[in-house]
Amino acid sequence: MLYAMSSYPIFLVVIAITLTLEVSAGKSGLVTCGSVLKLRNIDYNVRLHSHDVKYGKGSTQQSVTAIEQMEDVNSHWIIKAPTKKLCPRGEPIKCGDIVRLEHLSTSKNLHSHHFQSPLSGYQEVSAFGTHGDGDSGDHWTILCDGNVWERDDEVMLRHVDTSVYLSVSGEQYGQPISGQMEVVGTPRAMASQWKAAEGLYVHTSDFNPKESILSHSHTEL
């Protein structure tokens, strides 16, 4: 059971306009600190997603799902350093780095903990924190081949506290988010390959991704 969502912030309307200018991340380049991106699950071809809808059981925190739609504004995540640490904007993310993923529209972090997921019974994945501040449950290790995370790479995200892999279970929700797929943590890699999709990729040290999406009309790739 999921509780109904509240009204969306007005700035999401502005973000929706800029989405028509996004281009695919399938070109050469790196994923960098401060970049805003969507993550596409390879097995199910769905994008990591969140919204102001809480789980009706388990942690009752904000739910995290996966959706097929490319254009949904609630699928943007900001790449950040671990809690209470900083990384220079535009610095490449290395394979093995620990990162946070902050949900752009609600400012909560991709999170996991020892609660069961509502549909499949794997480990729950939620969105947690206030204005980007959370705890160690927000930390994910980027697993990829090579030295740095390139946009064409298929990567896995392993939860630091519990060692589960960010995965899609294949189960689908009913109302109020009918058709969205369950995102979970699994003890072994299964449907756990992700790829950087549409986004705004940062190459300067003085870039604020939220301000840029609201005030600029181009996407840098």
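As a starting point, this report considers the structure included with it. (Residues numbered from 1 in each chain as written. Predicted model: local features only at pLDDT ≥ 70, side-chain atom pairs only at ≥ 80, totals over all residues. Heavy atoms only, no water.)

So, about unusual backbone geometry. For the bond from glutamine 175 to proline 176, the omega torsion is 5°, close enough to zero to count as cis. You can see proline 176 is positioned in the loop between β10 (165-172) and β11 (181-186). One non-glycine residue, threonine 60, lies in the positive phi region at around 60°. With respect to the element layout, threonine 60 can be found in the loop between β2 (46-54) and β3 (62-67). Phi angles above zero are rare outside glycine, and serine 107 is one such case at about 60°. Mapped onto the elements of the fold, serine 107 is located in the loop between β5 (98-103) and β6 (109-116). (Helix = DSSP H or I, 4+ residues; strand = E, 2+ residues; numbered from the N terminus.)

Where two aromatic rings form a pair, the distance of their centres and the angle of their planes describe that pair. Using the criterion set out here, one finds zero aromatic pairs in the structure. Note that arginine 151 overlies the ring of tyrosine 201, its terminal NZ or CZ placed 4.2 Å from the centroid. (Phe/Tyr/Trp six-rings, centres within 6.5 Å; stacked < 30°, edge-to-face > 60°. Lys NZ or Arg CZ within 6 Å of the ring centre and 35° of its normal.)

Attention now goes to the state of the cysteines. Here a disulfide denotes a covalent bond joining the sulfur atom of one cysteine to the sulfur atom of another. With the rule as written, the count across this model stands at two disulfides. What pairs with cysteine 33 in a disulfide is cysteine 87, and their sulfur atoms sit 1.7 Å apart. Handedness of the cysteine 33-cysteine 87 disulfide follows from its S-S torsion of about 65°: it is right-handed. Taken together, the positions of cysteine 33 in the loop between α1 (11-18) and β1 (36-41) and cysteine 87 in the loop between β4 (77-80) and β5 put the pair 54 residues apart, joining distant regions of the chain. (Disulfide = S-S within 2.5 Å.)

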